[in-house]
Structure formats: structure tokens, C-alpha cells
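These are the residues of each chain, in order.
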Amino acid sequence: MKTLSLPPLFAPTPRAFGNGLTLTTKCFPKQLHFNSPCLVFSTHSTSATLSVESQVETKQVFDGDKASLLVSELRKNFDSGKTKSYEWRISQLESIANMLVEKEEQIIDALVKDLSKPRNEAYITEIFQVKSSCNETLQELKHWMKPEKVSTSITTFPSSAEIVSEPLGVVLIISTWNFPFSLSLDPIIGAIAAGNTVVLKPSEISPAVSSLLANLLATYLDNSAVRVVEGAVPETTALLEQKWDKILYTGSARVGRIVMAAAAKHLTPVILELGGKCPAVVDSNINLQVTARRIIAGKWACNSGQACISVDYIITRKDFAPTLITALKEELEQFFGKDPIESKDMSRIVSPTQFARLVRLLDDDKASDKIVLGGQRDEKKLKIAPTILLDVPEEAMVMQEEIFGPILPIITVDNIEDSFSIIKSRPKPLAAYLFTNNEQLKKDYVDKISSGGMLINDAVVHVVATRGLPFGGVGESGMGAYHGKFSFDGFSHKKAVLYKGFGSDPSIRYPPYTPEKVKLLRAILDGSIFHIILALLGWSK
């Protein structure tokens with residue numbers, strides 16, 4: 001029996017579950033295919049401990065040695081140069097595009113099985129998102145790969161310069177369970193477009209999608225360059241012990257620290273998408289119905305609030321709060337009916353563990369009497385009705401952690417500008433929302449509130465349906481960015497190249513440094529044509 005001790009930071013947090021670092025677990029590896037293009041390590045969680053006990057022979061465990069062999073193989077294939085060609089990159093992207101068309105129903109079925117995602121929501125937020133990213137990359141890749149010309153100065157005349165985007169090498173992508181397909185494939189598209197070899201570690205908390213990804217990528221992509229490792233804590237720990245050229249991790253800030261600490265041992269750069277408590281400031285100067293609908297779409301119709309960019313809490317004026325709550329109540333009934341737990345248009349909570357965590361937030365003594373709408377729950381169906389709380393105290397648990405569920409606190413202020421200090425007192429969020437027609441308020445919000453992304457008069461769609469914008473956090477909500485060109489750049493090294501010939505080699509750059517040389521050299525460095533002429537004529541300034 002082998003026991004793996006985990007770092008102290010492996011403690012339950014809202015988004016720690018299912019990011020490849022499940023903080024739970026006695027794990028019993030059950031199946032392994034060493035000769036297949038994908039490495040499959042199915043695990044079964046039976047108790048909440050901080051140790052991993054293997055009940056099979058050591059040789060069957062995906063340990064550091066197996067991970068090292070995998071990385072070595074991918075590095076060898078990268079070094080062969082095959083992934084650097086435009087033709088290879090395009091062929092892989094076209095295969096992904098074909099996969100999305102041919103396997104759409106299988107992908108949606110897996111999402112329904114793991115999260116009970118409504119089929120339309122699954123298509124829009126998962127498949128369409130990947131399709132959009134893939135199509136954009138196919139259209140723009142040749143342009144992205146072209147060296148960027150840079151002007152040179154007189155000090156290097158005659159010369160030319162450019163910035164060359166070169167692939168980093170072997171990259172690791174650790175994805176999460178709430179959008180298990182799109183948050184796996186979107187970064188893979190960027191990594192392939194940049195010319196890297198890739199290992200994907202999908203979340204074991206969405207097992208149907210994880211298994212499907214392993215099978216589909218083995219079928220559609222070049223297995224000498226793209227691999228999938230399924231599993232939980234031991235597999236992810238083994239992967240993090242290796243030397244990677246870049247790591248992209250999506251999940252909680254607590255586990256993000258573990259990933260970053262592991263990467264630091266090898267000076268590996270990281271992209272961390274970590275979420276946080278995303279605020280929505282709601283002014284009274286708005287179209288009330290449209291605002292209510294868009295808030296609902298950015299909260300309850302977005303995987304039941306299980307999204308890193310979901311509206312986590314609202315701030316509005318005290319005298320306007322009742323009006324806003326009434327509008328939200330009316331629109332929620334229009335969307336999900338009088339009994340939203342029975343609605344087929346809302347996702348379920350991903351697991352009993354997450355369900356129990358959300359129930360604890362609602363049953364907290366500081367929050368339970370603040371419920372003004374909803375609160376119903378069905379443990380068997382893993383569903384919680386859309387729930388609104390009014391003026392929950394700051395010390396309540398629901399205001400101390402990212403909610404990641406269908407619970408929405410509303411905080412009231414006397415003046416809408418007072419919302420700024422509330423937001424700034426917290427760690428910087430991944431997204432910040434504002435609903436207003438006040439142009440000055442818009443400018444002040446953009447200027448004074450720091451967040452990974454920002455959206456005025458809507459929620460979530462800045463990530464799902466907008467090309468050209470990066471997706472990433474700041475501070476505790478993450479670092480680095482991806483999506484589209486930003487994915488290509490995120491998995492590339494921008495190499496500076498200067499070209500010079502042998503035709504010109506002025507002696508002023510070489511010793512001995514005579515007074516005449518120094519005058520001319522300083523004049524050239526200063527960039528003053530007048531002073532250069534004076535120096536050439538032997539005159540002083």
C-alpha cells in the first residue's frame with residue numbers, strides 16, 4: 001500500500017473540486033492503458049481524507065516516472081520540428097473543427113450526463129465557444145505566425161528587425177468541471193496553433209466529458225503531440241512534478257497557489273484563471289426588464305451560477321432594491337416556471353459535495369433569515385432554486401467565498417458610488433459588471449475598478465461571444481490571458497531578432513575611445529542630426 005501525502009494547501013474550496021486536484025480522496029486506480037494514445041486513470045472517491053491509498057501494484061500507478069516518460073516523449077516529438085509547420089497546425093485545427101460537427105450530439109450528451117446542462121446552453125457555452133475559437137484561428141493563423149517587423153535606429157544602421165513567434169515546447173493544460181469541454185479545447189486550440197505539444201488533464205468531477213475528451217482527441221488529433229491524462233490527485237501531482245514549458249490552470253485561487261509553487265521549481269510560466277466574487281452594480285437609471293433578464297442569464301442560466309464569471313453579488317441603492325427584486329422574481333418565473341427545481345432549463349449542482357457546501361451557505365445563521373426569494377432545494381436531484389438574499393452581513397459565509405451556485409446576495413448602499421469602496425475592499429474579481437445609463441458612472445467604473453474583464457449593461461457575453469478580447473484575471477483572480485490571438489500569444493515566445501550585414505562597421509564603436517569618437521558616438525546616441533554634423537566637422541556643441 002502506497003500513501004501520498006498532500007501539501008497543506010490541499011483543503012476544500014468551492015472551485016478546488018474537479019480541477020485535477022480533487023482535495024478529497026482515497027483513490028483506487030481501476031484501469032490503465034499504457035499503450036494507448038491517451039493515459040486513462042479512472043479513480044473512485046470513497047472518503048474525504050488527505051491521503052491516496054493505492055490497491056494495485058505500484059507499476060500500474062501513474063507516478064512521476066510515468067509522467068516523466070510522457071513528457072520526454074512529447075519533448076522528443078516537439079524537437080523533431082513537426083509541430084512548428086503551418087501545415088501541421090492547420091491539419092490539427094481542421095480535425096478539431098470536424099470533430100465538433102461529427103460528435104456534437106455525443107458532446108452534448110456527456111455534458112447533460114455530468115451537469116444536466118440544458119442542451120441549448122451546452123451548445124452555446126461549450127460547443128459554439130470552441131467552434132468560434134477554432135474558426136478564428138483557422139482564418140488568422142497564417143497572419144499570426146508572420147514575423148512582426150520592427151523599425152531600427154541609426155545606431156544599428158544598416159539593419160532590420162522583427163519579432164518571431166516561436167512555440168514554447170511541451171505545455172500542460174489542467175481544466176475544470178464547470179465548462180469541461182470548452183475550457184479544455186479552447187486552450188488546446190491556442191497551444192496547437194502556437195506549435196506546441198500538449199498534455200490535457202481534464203477534471204475527474206465531470207467524468208463523462210473527461211472520458212469523451214480522451215477518446216475523441218486520441219481519434220482526431222496527432223497522438224505523438226497531443227495526449228490526455230485522466231485521473232485525480234495522484235495523476236495531477238505526478239504531472240506537476242515535471243518540467244513544462246507552460247502550464248495553464250483553471251480553478252480556485254487556493255489550488256492555483258499549489259500549481260504556481262510547483263511551476264516555480266522549474267521556472268515554468270503559468271496562466272491561471274481563478275475566478276473570484278464578481279460584482280454587478282445596478283443603478284436605478286436602467287431598462288429594468290432588460291437588466292433583470294441579463295442578470296438572470298449571467299447567473300442562473302449560466303450553469304446555475306457554477307461559472308467563474310457568474311454574477312456573484314449585486315450592489316444597488318437601498319430604495320431601489322425592492323424594485324429590482326420584484327423584476328428578478330417576475331423574470332425568473334417567466335424563465336423557469338413557478339417551480340424552478342423542475343425546470344429543464346437549469347443545470348444541476350455538479351456533486352453532492354458542492355450541493356452540501358451551498359446548503360451550508362444558505363443555512364448559515366447570518367444568512368438564513370435574509371432569504372427574500374427561493375431557498376428550496378432537492379438533494380436527490382442536486383438542484384437549488386434561484387435564491388436571492390438581501391443585505392447579508394459581510395461576515396456571512398456567502399460573502400466570504402466565491403458562491404459558485406444559484407445563490408445571489410444583494411447588498412444595498414445609500415449612493416451608487418458607495419459600491420466602489422465595497423468592490424475595492426475585496427480581491428480583484430475576474431469580471432465586474434455595471435448596469436446604468438449614466439455616462440459618467442460608466443467612465444468612473446472603468447477607471448476606478450480593477451478586474452480581469454468588465455462588461456457594461458450585460459453579463460458573461462464578453463467572454464462567450466466577443467472576438468478580440470482577452471480572457472484572464474488580475475491579482476487573486478488570475479494571471480495571463482487567452483482566447484483567440486491571446487491564446488496563440490500565451491503559448492508562444494516572442495523572440496527578438498536583429499539582422500545586420502558586414503558592409504558597415506564604423507570604428508567609433510571600438511576602442512581606443514578618442515575625444516573625437518566619443519563626441520560622434522554621443523551625438524549618434526542622442527539622435528540629433530545637428531550634433532552629428534557638428535561632431536563630423538570637428539566642432540563642439
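For clarity, every value in this text was computed on a predicted model and none was experimentally measured.

## Examining the UniProt feature "active site" (unreviewed entry) in the protein
Okay, step 1: Summarizing the sequence annotation, UniProt attributes the feature "active site" (unreviewed entry) to Glu273 and Cys308 in the numbering used throughout. Separation in sequence by 36 residues is not matched in space for these annotated residues, since their most distant C-alpha atoms are only 8.5 Å apart.
Okay, step 2: Its place among the elements puts glutamate 273 in strand 9 (residues 270-273).
Okay, step 3: Among the residues examined, glutamate 273 registers a relative accessible area of 1% and is labelled buried.
Okay, step 4: If you trace the backbone, cysteine 308 turns up in the loop between helix 9 (288-297) and strand 11 (313-317).

## Observations regarding the sheet that holds strand 9
Okay, step 1: What the six strands build is an open sheet, ordered 7-6-5-8-9-20; its pairing is mixed. Either end of the sheet is taken by a strand with one partner, and the two such strands are strand 7 (226-228) and strand 20 (478-479).
Okay, step 2: Where helix 1 (residues 64-79) meets the sheet, it contacts strand 5 (170-174), strand 6 (197-201) and strand 7, and its direction lies at approximately 150° from that of strand 6.

## Some remarks on the sheet that holds strand 11
Okay, step 1: Spatial ordering of the open sheet is given by 12-15-16-11-10-17-18, a layout of seven strands whose pairing is mixed. Each edge of the sheet is formed by a strand with only one pairing partner; in this case those strands are strand 12 (371-373) and strand 18 (453-456). The mean angle between the axes of side-by-side strands here comes to 25°, regardless of whether they run parallel or antiparallel.
Okay, step 2: Bridge count for strand 12 against strand 15 (residues 387-390) is two bridges, and the pairing is antiparallel. From the neighbouring strand, isoleucine 371 faces strand 15, where its bridge partner is leucine 389.
Okay, step 3: Sheet strands in contact with helix 9 are strand 10 (279-282), strand 11, strand 16 (407-413) and strand 17 (431-435), and its direction is about 165° off that of strand 17.
Okay, step 4: Taken strand by strand, helix 10 (residues 321-336) contacts strand 10, strand 11, strand 12, strand 15 and strand 16, and its axis lies near 135° from that of strand 11.

## Quick notes on the nonpolar core
Okay, step 1: Ile96, Ile314 and Tyr433 are the most contacted members of the largest nonpolar core, which has 84 residues in total.
Okay, step 2: Ranked by the residues each element gives to this core, the list is headed by helix 6 (residues 207-220), at eight residues.
Okay, step 3: Within the second largest apolar cluster, 29 residues are counted, among which are Val398, Ile407, Leu441 and Ile449.

## What to know about the pattern of salt bridges
Okay, step 1: In total, this model carries 25 salt bridges according to the counting rule given.
Okay, step 2: We note a salt bridge from lysine 338 to glutamate 333, for which the minimum N-O separation is 2.7 Å.
Okay, step 3: A salt bridge links lysine 442 to glutamate 439; the nearest nitrogen and oxygen atoms lie 3.0 Å apart. Remark: glutamate 439 and lysine 442 occur in helix 13 (residues 439-448); sequence separation between them is three residues, near one turn of the helix.
Okay, step 4: By relative accessible area, which is 48% here, glutamate 439 ends up partly exposed.
Okay, step 5: A network of salt bridges, in which partner residues are shared, links Arg75, Lys243 and Asp245.

## Let's talk about the environment of isoleucine 107
Okay, step 1: Summarising the element assignment, isoleucine 107 is placed in helix 3 (residues 104-115).
Okay, step 2: Note: C-alpha distance between isoleucine 107 and alanine 122 (15 residues apart in sequence) is 8.8 Å.
Okay, step 3: In this view, isoleucine 107 contacts Leu100, Ile127, Phe181, Leu212 and Leu216; residues no more than four positions away in its chain are not counted.

## Points about the environment of leucine 168
Okay, step 1: With respect to the helices and strands, the residue leucine 168 is situated in the loop between strand 4 (159-167) and strand 5.
Okay, step 2: It is 9.2 Å that separates the C-alpha atoms of leucine 168 and tryptophan 244, two residues lying 76 residues apart in sequence.
Okay, step 3: Sequence-distant contacts of leucine 168, defined by excluding residues within four places in its chain, comprise Phe78, Asn196, Asp245, Lys246, Gly490, Phe491, Ser492 and His493.

## Examining the side chain of aspartate 283
Okay, step 1: Its location among the elements puts aspartate 283 in the loop between strand 10 and helix 9.
Okay, step 2: Lacking a salt bridge, the buried aspartate 283 has arginine 317 as its closest oppositely charged neighbour, with an N-O distance of 4.5 Å.
Okay, step 3: For aspartate 283, the residues in contact, after removing those within four places along its chain, are Phe320, Ile416, Phe435, Thr436, Asn438 and Leu441.

## Points about unusual backbone geometry
Okay, step 1: The omega torsion across phenylalanine 157 and proline 158 is -10°, close enough to zero to call that bond cis.
Okay, step 2: In this fold, proline 158 is placed in the loop between strand 3 (148-150) and strand 4.
Okay, step 3: The omega angle of the peptide bond from proline 511 to proline 512 is 0°, so this bond is cis rather than trans.
Okay, step 4: In this structure, proline 512 sits in the loop between strand 22 (492-500) and helix 16 (515-526).
Okay, step 5: Of note, the phi angle at asparagine 303 is positive, near 60°, even though the residue is not glycine.
Okay, step 6: Secondary-structure assignment places asparagine 303 in the loop between helix 9 and strand 11.
Okay, step 7: Phi is positive for valine 460, which is not a glycine, with a value near 75°.

Reading the values: rules and limits
Residues numbered from 1 in each chain as written. Predicted model: local features only at pLDDT ≥ 70, side-chain atom pairs only at ≥ 80, totals over all residues. Heavy atoms only, no water. UniProt positions renumbered as here; feature names shortened; annotations may be inferred. Helix = DSSP H or I, 4+ residues; strand = E, 2+ residues; numbered from the N terminus. Buried < 20%, exposed > 50% of the residue type's maximum accessible area, 1.4 Å probe, protein only. Pairing = 2+ DSSP bridges. Contact = heavy atoms within 4.5 Å. Axes fitted to C-alpha atoms, helices over the stretch in contact; angles between N-to-C directions. Core = buried A, V, L, I, M, F, W, Y, C linked by side-chain atoms within 4.5 Å. Salt bridge = Lys/Arg side-chain N within 4 Å of Asp/Glu carboxyl O. Lys, Arg positive; Asp, Glu negative; His and termini not counted.

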